[in-house]
Amino acid sequence: MKLPLIAPSLLAADFGNLQRDVEMVNESKADWHHIDVMDGVFVPNISYGMPVISAIQKYATKPLDVHLMIIDPDRYITKFAALGTSVLTVHYEACTHLHRTIQAIKDAGMKAGVALNPHTNIKVLEDIISDLDLVLIMSVNPGFGGQSFIENTYQKVKDLKEMISKKNTSTLIEIDGGVTTQNASKLIAAGADVLVAGSFVFKSTDPMKTITELKGE
Ligand code: DX5
Ligand code: ZN
């Protein structure tokens, strides 16, 4: 698949027209549907849960990339597998036994990702990176769409890319928060493989065209 992969975040979709917006992503050059799950505890916001994801899954034709911003995610791993999730990402800051959680995600037949908050150093993943299919670097504080991009992200991506190359793994680097065509090329140059974009896509006048531009086509 041609990099970067583009994962529009449905958090910024029009929930009154969710089917229409999911179908727009289906028709576009996007690669994945990014689905943000927030519990109001790990982050100061609540997004949506199983019934809404089930409705998304009914219409989505591309892989579901689920980003869990919840405490104790182990409770729901098999439920997300049953909902057709392809990539399940948990937060490093929310998992006491991260290795066990990652194994459980893989055992349930999904690809496993770990997300890092802006303040978390990539070094904490050194002993688990070879087990990860994806690392999601938060380029805003998790909880809300439409925030501005944190500039320190570029250096984090470079450091993480170096760690991945040294360990000789094929772990993908995903960037989430404040992504636009302004910062996309610098992120890709730093080593990003997957770009999540919510507001920039769904609040634009032509979301399909915006996705094509992010894809660099
Ligand atoms: C934030 C979410 C993001 C969010 C990105 O906590 O993880 O996926 O939807 O939204 P934008 O692209 O608007 O920053
Ligand atoms: Zn997200």
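For the structure given in this document, a descriptive report is provided here. Nothing here was measured: the structure is a model prediction, and the numbers come from that model. (Residues numbered from 1 in each chain as written. Chains lettered and ligands numbered in written order. Predicted model: local features only at pLDDT ≥ 70, side-chain atom pairs only at ≥ 80, totals over all residues. Heavy atoms only, no water.)

**Considerations on the coordination of the zinc ion (ligand 2)**
Piece 1. Distances from the zinc ion (ligand 2) to its protein donors, His 34 (NE2), Asp 36 (OD), His 67 (ND1) and Asp 176 (OD), fall at 2.0 to 2.3 Å.
Piece 2. Note that the zinc ion (ligand 2) binds six donor atoms; their angles at the metal cover 69 to 169°, and the shape is octahedral.
Piece 3. Mapped onto the polypeptide sequence, the residues donating to the zinc ion (ligand 2) form the spacing pattern H-x1-D-x30-H-x108-D. Highlighted residues: His 34 in strand β2 (residues 33–38) and Asp 176 in strand β7 (residues 172–176), separated in sequence by 142 residues. (Donors = N, O, S within 2.8 Å, 3.2 Å for Na, K, Ca; no water. Tetrahedral: all angles 85-135°; square planar, octahedral: opposite > 155°, others 65-115°. Helix = DSSP H or I, 4+ residues; strand = E, 2+ residues; numbered from the N terminus.)

**Notes on the site of ligand 1**
Piece 1. What surrounds ligand 1 is a group of 20 residues, the closest being Asp 36, Gly 143, Asp 176, Gly 198 and Ser 199.
Piece 2. In the model, an oxygen atom of ligand 1 is placed 2.7 Å from a nitrogen or oxygen of the Asp 176 side chain.
Piece 3. Interatomic distance of 2.8 Å between a backbone N/O atom of Gly 178 and an oxygen atom of ligand 1.
Piece 4. Here ligand 1, which alone exposes 380 Å², has 98% of that area covered by the protein.
Piece 5. The set of elements that each furnish at least two residues to the shell around ligand 1 consists of β2, β3 (64–69) and β8 (194–197).
Piece 6. The element contributing the most residues to the shell around ligand 1 is β2, with three residues.
Piece 7. Taken together, the residues of the shell around ligand 1 sort by class into eight nonpolar, ten polar and two charged. (Near = heavy atom within 4 Å. Polar contact = N/O pair within 3.5 Å; in protein donor to acceptor, adjacent residues only side chain to side chain. Areas by Shrake-Rupley, 256 points an atom, 1.4 Å probe, with all protein chains shown as cover. Nonpolar A, V, L, I, M, F, W, Y, C, P; charged D, E, K, R; others polar.)

**Focus on the nonpolar core**
Piece 1. Core analysis: the biggest nonpolar cluster contains 58 residues, and Ile 35, Ile 102, Leu 160, Ile 175 and Leu 187 have the highest contact counts within it.
Piece 2. It is helix α5 (residues 153–167) that provides the largest number of residues to this core, a total of five residues.
Piece 3. Residues in contact with Leu 160, not counting those within four places in the same chain, are Ile 122, Ile 129, Val 135, Ile 137 and Ile 173.
Piece 4. Ala 7, Ala 115, Met 138 and Val 194 belong to the second largest nonpolar core, which has eleven residues in total. (Core = buried A, V, L, I, M, F, W, Y, C linked by side-chain atoms within 4.5 Å. Buried < 20%, exposed > 50% of the residue type's maximum accessible area, 1.4 Å probe, protein only. Contact = heavy atoms within 4.5 Å.)

**Describing the packing of α5 against helix α6 (residues 181–190)**
Piece 1. Look at α5 against α6: their axes get within 8 Å of each other, and the N-to-C directions meet at 25°. With respect to α6, the axis of α5 lies roughly parallel. Judged by the sense of rotation from one axis to the other, the crossing of α5 with α6 is right-handed. Here α5 contributes Thr 153, Tyr 154, Val 157, Lys 158 and Lys 161 to the contact with α6, which in turn contributes Asn 183, Lys 186, Leu 187 and Ala 190.
Piece 2. Split by residue class, the contact of α5 with α6 holds four nonpolar, two polar and three charged. (Axes fitted to C-alpha atoms, helices over the stretch in contact; angles between N-to-C directions. Parallel < 35°, antiparallel > 145°, perpendicular 65-115°, else oblique. Left-handed = near helix turned anticlockwise from the far one by under 90°.)

**Thoughts on the pairing of β3**
Piece 1. Of all the six residues making up β3, six are buried; the element is thus mostly covered by neighbouring parts of the structure.
Piece 2. Burial of β3 is two-sided: the residues Leu 64, Val 66 and Leu 68 facing one way and the residues Asp 65, His 67 and Met 69 facing the other way are all buried.
Piece 3. Two strands pair when backbone bridges link them, and β2 and β3 are joined in this way by six bridges, in the parallel orientation. Its bridge partner lying in β3, His 34 is registered against Asp 65.
Piece 4. Of the crossover connections in this fold, the one passing from β2 over helix α2 (residues 50–59) to the parallel β3 is right-handed.
Piece 5. As defined by bridge partners, β3 adjoins strand β4 (residues 85–91) across four bridges and the pair is classed as parallel. (Pairing = 2+ DSSP bridges. Right-handed = clockwise from strand over helix to strand, strands pointing away.)

**Things to note about the sheet that holds β3**
Piece 1. Read across the sheet, eight strands follow the order β1-β8-β7-β6-β5-β4-β3-β2 without closing on themselves; strand pairing throughout is parallel. This sheet does not close on itself; its edge strands, each paired only once, are β1 (5–8) and β2. Across the sheet, the axes of successive neighbouring strands diverge by a mean angle of 25°, strand direction being ignored.
Piece 2. Contacts from helix α4 (residues 98–107) reach β4 and β5 (111–116), with the element oriented near 145° to β5.

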